[in-house]
Amino acid sequence: PRTVGTQLFMEYGEMDGKLWDNDAKVGVYNKWDPNSPRTVNNFNPFETWDGNSPDCSGFYPGEGRYKDPLRGDVSFAIMMAERAQAEERAANPKPGDKPGCPGCRN
């Protein structure tokens, strides 16, 4: 009998295997379209699910394709700057960014 191999193609985001720091997340966020379906290249990297942040492809811990990202340096000063950016994003959401939008995890 002849055997045939099966190859699975798993798509990951453009930041897969790269540094997943705040600058990378901002780059992904700037490209994110909340009105388009959520994909590995179209997701809000700041959206949390059950208190967890997504990896660089939009997967969350516990999901089969989640990969622990390469994380950047952290300091109190960096965290305060990131907090200010987060508050600015929250105060000025993208058009269509609301619960249940196609680009969010629902």
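To be clear, the structure that these remarks concern was listed above.
I will try to describe carefully the structure that is included in this document.

A word on the environment of D33. Looking at the secondary structure, you find D33 in the loop between α1 (22-31) and α2 (76-91). Residues D33 and A84, 51 residues apart in the sequence, show an inter-C-alpha distance of 22 Å.

A few words on the packing of aromatic side chains. Scanning the entire structure with this criterion turns up four aromatic pairs. Arranged with centres 5.8 Å apart and planes meeting at 40°, the rings of Y29 and W32 form a pair that is tilted. This pair shows no difference in class: Y29 is buried, exactly as W32 is. Aromatic side chains Y29 and F46 sit 5.9 Å apart centroid to centroid with 65° between the ring planes, which places their arrangement in the edge-to-face category. One end of the pair, Y29, is in helix α1; the other, F46, is in the loop between α1 and α2, and 17 residues separate them in sequence. In this structure F46 comes out as partly exposed when scored by relative accessible area, which is 24%.

In this model, the largest pocket occupies a volume close to 330 Å³. The wall of the largest pocket is formed by 16 residues, among which W20, D21, N22, K25 and E82 lie closest to the centre. Elements supplying a minimum of two residues to the lining of the largest pocket: α1 and α2. When the residues that make up the lining of the largest pocket are grouped by side-chain class, the tally is six nonpolar, four polar and six charged.

Turning our eyes to something else, we now look at the side chain of N44. Mapped onto the secondary structure, N44 falls in the loop between α1 and α2. Judged by relative accessible area, N44 falls into the buried class, the value being 9%. A distance of 2.9 Å separates the side chain of N44 from the backbone nitrogen of F46, its partner in a polar contact. Excluding its chain neighbours within four sequence positions, the residues that come into contact with N44 are Y29, W32, P54, D97 and G103.

The rules behind these values
Residues numbered from 1 in each chain as written. Predicted model: local features only at pLDDT ≥ 70, side-chain atom pairs only at ≥ 80, totals over all residues. Heavy atoms only, no water. Helix = DSSP H or I, 4+ residues; strand = E, 2+ residues; numbered from the N terminus. Phe/Tyr/Trp six-rings, centres within 6.5 Å; stacked < 30°, edge-to-face > 60°. Buried < 20%, exposed > 50% of the residue type's maximum accessible area, 1.4 Å probe, protein only. 1 Å grid on protein atoms, 1.4 Å probe; cavity = no way out; pocket = protein on both sides within 12 Å on 5 of 7 lines; lining within 4 Å. Points joined across faces, edges and corners; volume = space filled by probe spheres on them. Nonpolar A, V, L, I, M, F, W, Y, C, P; charged D, E, K, R; others polar. Polar contact = N/O pair within 3.5 Å; in protein donor to acceptor, adjacent residues only side chain to side chain. Contact = heavy atoms within 4.5 Å.

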